[in-house]
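Structure assessment
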Amino acid sequence: MLIKMLHNSSKALDESLVVTTRIQLQGYGLSRYQVTKITQKLNPVNKKGRAYVYLVSEAVASIRATLSGSRIKPLTRQQLIVVLDNLLVRLSNVIALPFNASSSSHPDIGDIVKQLLRAMSDTDRALASLKATAANINGKYKK
C-alpha cells in the first residue's frame, strides 16, 4: 500500500497529517548529513514532486532518539533542539486544561476561555505553517 501511495503522486494527502520534507528540515538549520541521519529510518508517506514527505511526529521521534545519544556535539545538539521546537509547534498539540466555571464569578468565562484557546491554537498553527514555508524556501535556495 505504501508503494502504491508513493507512485500515485496525484493522490492528495490527508489534511490532518502534518508532514515535512528533507529540504524543509535543512531550511530549519540542519545539514544535509543530519537530515539524512534523521530521516534514514523513517517511512515516507507520500511524494511531493521529487521529494519524499515524512510525518512530523515520526521526525520528532527520530530527533529525540538522536538527542538521547551520548556522542552528540554541543552545536549539533543545539541545532537539533531548535528544529525539534519548530516541529513541535507545527504539531500544535495543545492540551486544554479543564476550566471550572462554577468556581468563577461569571458562568460564561469557560466558553470565552475555550474560544480564546481555539483562536490561539489557530494562530499558532498558521505561524508554524508560515515558518515551515520559510524553511522550505530557505532549504531550496541554501547552498
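In this report, we go over the structure that sits alongside the text. Residue numbers run consecutively from 1 along every chain, following the written order of its sequence. Since the coordinates come from a predicted model, pLDDT governs what is reported: local features require at least 70, and pairs of side-chain atoms require 80 or more to be given and counted, while whole-chain, interface and lining totals use all residues. Computation of side-chain values covers all heavy atoms of the structure but excludes hydrogens and water.

**Details of the environment of E58**
Secondary structure is summarised from DSSP: a helix means a run of H or I of at least four residues, a strand means a run of E of at least two, and numbering begins at the N terminus for each. Locating E58 in the fold gives a position in helix α4 (residues 56-67). Burial here depends on accessible area, computed with a 1.4 Å probe over protein chains only, as a share of the maximum for the residue type. Under 20% is buried, over 50% is exposed, and the range in between is partly exposed. Since its relative accessible area comes to 29%, E58 is described here as partly exposed. Between the C-alpha atoms of E58 and K41, which are 17 residues apart in sequence, the distance is 9.6 Å. When residues no more than four places from it in sequence are discounted, the contact partners of E58 are L42 and N43. In this description, contact between two residues means that some pair of their heavy atoms is separated by no more than 4.5 Å.

**Here we look at the side chain of Q24**
Checked against the element boundaries, Q24 lands in helix α2 (residues 22-27). Judged by relative accessible area, Q24 falls into the buried class, the value being 8%.

**What about the nonpolar core?**
Ranked by size, the top nonpolar core spans 19 residues in total, and within it Y28, I63, V83 and L87 carry the most contacts. Mapped onto this core, the elements with two or more residues apiece are α3 (32-39), α4, α5 (74-91) and α6 (109-141). Ignoring anything within four residues of it in the chain, the contact list for V83 reads L25, Y28, L30 and I63. Definition used in this section: a nonpolar core is a set of buried Ala, Val, Leu, Ile, Met, Phe, Trp, Tyr and Cys residues joined via side-chain atoms within 4.5 Å.

**Here we look at the packing of α4 against α5**
Pairs of packed helices are described in terms of their axes, by the angle between the two and the distance that separates them. For the pair α4 and α5, interaxial distance at closest approach is 10 Å and the crossing angle is 155 degrees. One finds that α4 runs roughly antiparallel with respect to α5. α5 is crossed by α4, and the crossing has left-handed handedness. Taken together, the residues of α5 that come into contact with α4 (itself represented by V56, S57, A59, V60, I63, R64, T66 and L67) are R77, L80, I81, V83, L84, L87, L88, R90 and L91. Each residue gets one label: Ala, Val, Leu, Ile, Met, Phe, Trp, Tyr, Cys and Pro are nonpolar, Asp, Glu, Lys and Arg are charged, and the others, such as Gly, are polar. For the contact of α4 with α5, a count of residues per class yields twelve nonpolar, two polar and three charged. Lines fitted to C-alpha atoms define the axes, with helix axes restricted to the stretch in contact, and inter-axis angles between N-to-C directions lie between 0 and 180 degrees. An angle below 35 degrees is treated as roughly parallel, one above 145 as roughly antiparallel, one from 65 to 115 as roughly perpendicular, and anything else as oblique. Crossing handedness follows the turn of the near helix against the far one: under a right angle anticlockwise gives a left-handed crossing, and clockwise gives a right-handed one.

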